[in-house]
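The residues making up each chain are set out below.
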Amino acid sequence: MMSNERGSNLAQQRKSGWRGNYHLKACTGSRMLAGPGPLLLLLLPLLAPPASGISGPAGTPFRLPQGFEGLWRGVPAASILGPWNVNYTFGITRTESGDYLMDDNVLYIDNSTSWQRFYVSSSGPTRGVLWYCGTINKYSQAPETVPGQGQIFKADPNSVSNSSVTFCLDEPDGPFPVTAPENCKGCDCANWTFVLSQDGQQLHSELRMGAAMGHSHSIHLLVDLKRIGPPPPPDVTQMPSWDNFTCDNAPGGRDTRPVIFPTTRKRHHETHSRRVCPHRHSGYPNPAKEEFGRAYDHCYILNHPLEYRLEWTYRSDDGMLDVRVSTKAPRSRVYVAIGFRPLARWRGEQADKLQTGFHDNFGMKGADIVLGDPSGVTTMFADKYTGPPIHDESLKIVNASVSKDNTTALTFSRPVVGGYLLANYGINVSIVSEAADIIWAVGPLETSGSASYHGYWRGLRFVDWANPDDVFTKHLEC
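Computed from a predicted structure; not experimentally measured.

### Topic: the overall build of the chain
Broken down by element type, the chain carries 4 helices and 23 strands. Per-residue burial for the chain yields a buried fraction of 59% across its 478 residues. Split by element, the accessible area of the chain, about 18900 Å² in all, is 48% carbon and sulfur.

### Quick notes on the nonpolar core
Within the largest apolar cluster, 47 residues are counted, with the highest numbers of intra-cluster contacts made by Leu 64, Phe 68, Tyr 88, Phe 90, Ile 92, Phe 194 and Leu 203. The next biggest cluster of nonpolar side chains, apart from the first, holds 29 residues, and it includes Leu 310, Phe 412, Val 416 and Ile 431.

### What to know about the state of the cysteines
Here the structure, examined in full by the defined rule, presents 2 disulfides. Each disulfide pairs two cysteine sulfurs, and for Cys 299 the partner residue is Cys 478, the sulfurs being separated by 1.9 Å. With the S-S bond torsion at -80°, the cross-link from Cys 299 to Cys 478 turns out left-handed. Highlighted residues: Cys 299 in strand β13 (residues 298–303) and Cys 478 in the segment after β23 (458–461), separated in sequence by 179 residues. Taken as a pair, Cys 299 and Cys 478 share a single burial class, namely buried.

### Points about the sheet that holds strand β22 (residues 437–444)
In space, the 6 strands of this open sheet follow the order β19-β18-β17-β16-β22-β23, with antiparallel pairing throughout. The open sheet has two edge strands with one neighbour each: β19 (390–391) and β23.

### Things to note about the packing of aromatic side chains
Taken as a whole and assessed by the stated rule, the structure comprises 20 aromatic pairs. A centroid spacing of 6.0 Å and a plane angle of 65° characterise the contact between Phe 90 and Phe 118, whose relative ring orientation is edge-to-face. Of this pair, Phe 90 sits in strand β4 (residues 88–94) while Phe 118 sits in strand β6 (residues 113–120), placing them 28 residues apart in sequence. For the pair Phe 90 and Phe 118, a shared accessibility class is recorded, and that class is buried. Three or more aromatic residues joined by ring pairs form one cluster here, namely Phe 68, Trp 84, Tyr 88, Phe 90, Phe 118, Trp 192 and Phe 194. Arg 254 extends its terminal NZ or CZ atom over the ring of Tyr 119, reaching a point 5.1 Å from the ring centre.

### Some details on the pairing of strand β12 (residues 218–229)
As paired strands, strand β2 (residues 70–74) and β12 are joined by 3 bridges and run antiparallel to one another. For Leu 71, the partnering residue across the bridge sits in β12 and is Gly 229. Judged from the 2 bridges that link them, strand β3 (residues 78–79) and β12 form a sheet pairing that is antiparallel. Bridging across to β12, Ser 79 finds its partner in Leu 221. When strand β11 (residues 202–209) meets β12, the two strands line up antiparallel, connected through 8 bridges.

### Comments concerning the sheet that holds β13
The strand order across the open sheet formed by 5 strands is β13-β14-β15-β21-β20, and the pairing between neighbours is antiparallel. Each end of this open sheet is capped by a strand with a single partner; those strands are β13 and β20 (398–404). Taken pair by pair, the neighbouring strands of this sheet meet at an average axis angle of 15°, ignoring direction.

### Section: the side chain of Arg 309
When you line up the elements, Arg 309 lands in strand β14 (residues 308–315). For Arg 309, the side chain forms a polar contact with the side chain of Glu 307, separated by 2.9 Å.

### A look at unusual backbone geometry
For Glu 307, which is not glycine, the phi torsion reads 50° and is therefore positive. Inspection of the secondary structure puts Glu 307 in the loop between β13 and β14. Given a relative accessible area of 1%, Glu 307 falls into the buried group. Its identity as a non-glycine residue notwithstanding, Asn 399 has a phi of 55°, on the positive side. Mapped onto the elements of the fold, Asn 399 is located in strand β20.

### With respect to the pattern of salt bridges
A complete count under the given rule lists 10 salt bridges for this structure. A salt bridge links Arg 117 to Asp 235, with the shortest nitrogen-to-oxygen separation between them at 2.7 Å. Taken as a pair, Arg 117 in strand β6 and Asp 235 in the loop between β12 and β13 lie far apart in primary sequence, 118 residues in all. The exposure class of Arg 117 is buried, given its relative accessible area of 1%. The exposure class assigned to Asp 235 is partly exposed, which follows from its relative accessible area of 26%. Across the pair Arg 315 and Asp 318 runs a salt bridge, and its minimum N-O distance is 2.6 Å. The exposure class of Arg 315 is partly exposed, given its relative accessible area of 28%. The partly exposed category is assigned to Asp 318, whose relative accessible area is 41%.

The rules behind each value
- Residues numbered from 1 in each chain as written.
- Predicted model: local features only at pLDDT ≥ 70, side-chain atom pairs only at ≥ 80, totals over all residues.
- Heavy atoms only, no water.
- Helix = DSSP H or I, 4+ residues; strand = E, 2+ residues; numbered from the N terminus.
- Buried < 20%, exposed > 50% of the residue type's maximum accessible area, 1.4 Å probe, protein only.
- Areas by Shrake-Rupley, 256 points an atom, 1.4 Å probe, with all protein chains shown as cover.
- Core = buried A, V, L, I, M, F, W, Y, C linked by side-chain atoms within 4.5 Å.
- Disulfide = S-S within 2.5 Å.
- Pairing = 2+ DSSP bridges.
- Phe/Tyr/Trp six-rings, centres within 6.5 Å; stacked < 30°, edge-to-face > 60°.
- Lys NZ or Arg CZ within 6 Å of the ring centre and 35° of its normal.
- Axes fitted to C-alpha atoms, helices over the stretch in contact; angles between N-to-C directions.
- Polar contact = N/O pair within 3.5 Å; in protein donor to acceptor, adjacent residues only side chain to side chain.
- Salt bridge = Lys/Arg side-chain N within 4 Å of Asp/Glu carboxyl O.

As structure tokens, then:
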């Protein structure tokens, strides 16, 4: 399905880690999100105003609220990886030129250090434009280097108050999956809001990606940050040229260097209070490793807060995958689910016609889902970016069962080639490829026994079924 050149690029990129470049601008006050005042992942850029939208006389510098400047830290309550139990650190610094450097280091659930830098121009034709450069390690089985300026976001300076700002996507057809819903524009594709508390000591950051028509926007990153120090000194000696901006990913370049913040009292692996991370409580599962009898060749904890475990054996001789997914979610009645997307990284018009592809990557669309609860096992297909999947029996599974003790566990076997694409379009693409990923979810059961909305208990992960060490660190092993 992919060209040899594309496959070669993916193979080459696997070795170096993900590196990206976004170009953004700052959105209107009417788009401010309701509620208490994003990596992406964390992974998305900041925004700023188009020249035509600058308030005041032409050439007025773009300014963020002064209280935003500082060093911030918090535990994300939601992300595309699911809830966290480690800190996310974020710095905002106004340089001598009046431009801004925002950066972070991302020590997320698999203990793999990554970093991101956000460059914001304050003056001239590009004032308010933000460019994003980043390196995310051990996140994807097919790391990519994104050339050029990437995405563009815009923020109307009139939306910048003393305590908040919202940034909105301007050009959705860029290198990252933010084009849903179909024909979306601006904030309907993606928006990132910051809200500063009245005492100036907390900064609420909420990045929402696109959503299917009729459904609420999906949370890409949600974190309440606490001020832990003054603005960190810029770690770049000279801000880049705004006229022709590109990330400096050359060996030794400014964006290949990890972001290292000044030492503070709290360390990156410390957790926050339950007020910041609502999933933490007195009965919180201990993420210590356990022996599972090695019934499967591989076992990894995809999310520690929920103890979501993925175990499998890939039988290359007959093309079957034996799977067990389980959770110790802090509720007595839950379901556990996993979705397979064989062409999640595929780009092009044909992908859109097949209800799958790269630009739906941060949502659910294109997934063959297997869900297990105490009443049994169900197969479904996600035909929307967000929203309930439809019942579908295209994916043929065998030996399916659900067990419930201290752990809710779903076991089944499936062919590596099969599902909606094969049944409806005759496309025999395997999930053992660099174009594939999985989505997962844990959710409560209603009184009737039917599955309810999972909320923030969901995530995305790239899995190399044949060579998992290429994606997962030892820290994630069961």
